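A closer look at the structure
Listed below, chain by chain, are the residues.
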Amino acid sequence: MKIGIVTDNTCNLKPGDIEKLGVNIVSLYVNRSGKYTRAIDLDLDSYYNELGSVAELPTTSQPSPQDFMEAFGRALQNFDALVVPLISGKLSGTFVSASIASRDFDMPIHVIDTLLTENGLGMLVKNLSKMIANGSDTDALVKYATDFHKKIRTIFSVDDLNYLYKGGRIGKAKALMGNLLKMKPVLQLEDGELKPVENIRGNKKLLQSMVDHTLKGKDPADLKKVEIVYIKRNEDAEELKRILLERVPNIEVEISLIEPVIGTHLGPEGIGIISEWA
């Protein structure tokens, strides 16, 4: 049985990786004043410059069931079954759209709420691709994808809490108070949703805290890889990498831009650390 993978664009895979892995991507949408654009069609530099200055903040929306039906139809021309790991259902209705679309097909389509997003979802997709190449069946793939969130720790921070507030991720009072006090939150993706873990004043302390929370309660020997994601904070991203390598020498660390759906909610100076553990 030939097994294929369909996922969504929040996995933040590079175009070269998507082509190499043979993965099918379904895009979420960004709504700018009533104009809907597929997130994968946005120029990130232009979009993030715009995000920092617009009067009306963009919103995001899930793909439609029709988007998934088209993607499934294309993929099933080459595969006998599909594994569909998707962004956390607590962050997006993408899982619901894919589940609805899957009912129109007789061939096996396994839609999975991974409780992940961003590069954590991307790490999962890469690992699933390796498992398929090594002969794993759909039962093993689905179980692995369902449990994989336990191996990922995702830590974020933002410069301006208003983006999280307007995206419905925190309350107005918390956003106002945090901005007034110049406090920067440390957020963790836990059980599929963003939860605050600490508020920090000062950028240097913030970056240290993000690394602390990444490594907290873990054996550094179990750390497999780290991916740092950012918007307009390349110097901070490099500093996070330096701190991590100081704490855990020789670990693989990659740096990339945050993809635009999550970036819309974090705001134009979001930053994060996604780590995979044994």
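Refer to the structure above for everything that follows.
Worth saying up front: this structure is predicted, and the values here are computed from it rather than measured. (Residues numbered from 1 in each chain as written. Predicted model: local features only at pLDDT ≥ 70, side-chain atom pairs only at ≥ 80, totals over all residues. Heavy atoms only, no water.)

**So, unusual backbone geometry**
If you check the backbone angles, Glu118 has positive phi at about 55° while not being a glycine. Of note, Lys232 is a non-glycine position whose phi angle comes to about 55°, a positive value. Within the secondary structure, Lys232 is located in the loop between strand 11 (223–230) and helix 10 (234–247). (Helix = DSSP H or I, 4+ residues; strand = E, 2+ residues; numbered from the N terminus.)

**Thoughts on the packing of aromatic side chains**
Under the definition given, this model contains 4 aromatic pairs. Summarising the aromatic geometry, the rings of Tyr144 and Phe148 are spaced 5.4 Å apart at their centres and angled 35° between planes, so their arrangement reads as tilted. By relative accessible area, Phe148 is classed as buried at 1%. Through a chain of ring-to-ring contacts, the aromatic side chains of Phe68, Phe72 and Phe105 assemble into a single cluster. (Phe/Tyr/Trp six-rings, centres within 6.5 Å; stacked < 30°, edge-to-face > 60°. Buried < 20%, exposed > 50% of the residue type's maximum accessible area, 1.4 Å probe, protein only.)

**Quick look at helix 3 (residues 65–75)**
Every buried residue of helix 3 is listed here: Asp67, Phe68, Ala71, Phe72 and Ala75. The arc that holds the buried residues of helix 3, viewed along the axis, is 125°, so those residues lie on one side. (Arc of directions from axis to C-beta.)

**Some points on the pattern of salt bridges**
Side chains that differ in charge, positive against negative, can pair when their charged atoms come close. In total, this model carries 15 salt bridges according to the counting rule given. Residues Lys143 and Asp147 are paired through a salt bridge, measuring 2.9 Å at the closest nitrogen-oxygen approach. Taken as a pair, Lys143 and Asp147 lie in helix 6 (residues 138–147) at a separation of 4 residues, close to a single helical turn. Across the pair Glu227 and Lys225 runs a salt bridge, and its minimum N-O distance is 3.3 Å. The same class applies to Glu227 as to Lys225, namely buried. What you see here is one network of salt bridges that share partners, running through Lys143, Asp147 and Lys150. (Salt bridge = Lys/Arg side-chain N within 4 Å of Asp/Glu carboxyl O.)

**Here we look at the sheet that holds strand 4 (residues 35–38)**
Sheet architecture is open: 3 strands sit in the order 4-3-5, paired in antiparallel fashion. The sheet terminates laterally at strand 4 and strand 5 (59–61), the two strands that pair on one side only. Neighbour-to-neighbour, the strand axes of this sheet turn through a mean angle of 30°, independent of strand direction. The sheet contact formed by strand 3 (residues 29–32) and strand 5 spans 3 bridges and is antiparallel. (Pairing = 2+ DSSP bridges. Axes fitted to C-alpha atoms, helices over the stretch in contact; angles between N-to-C directions.)

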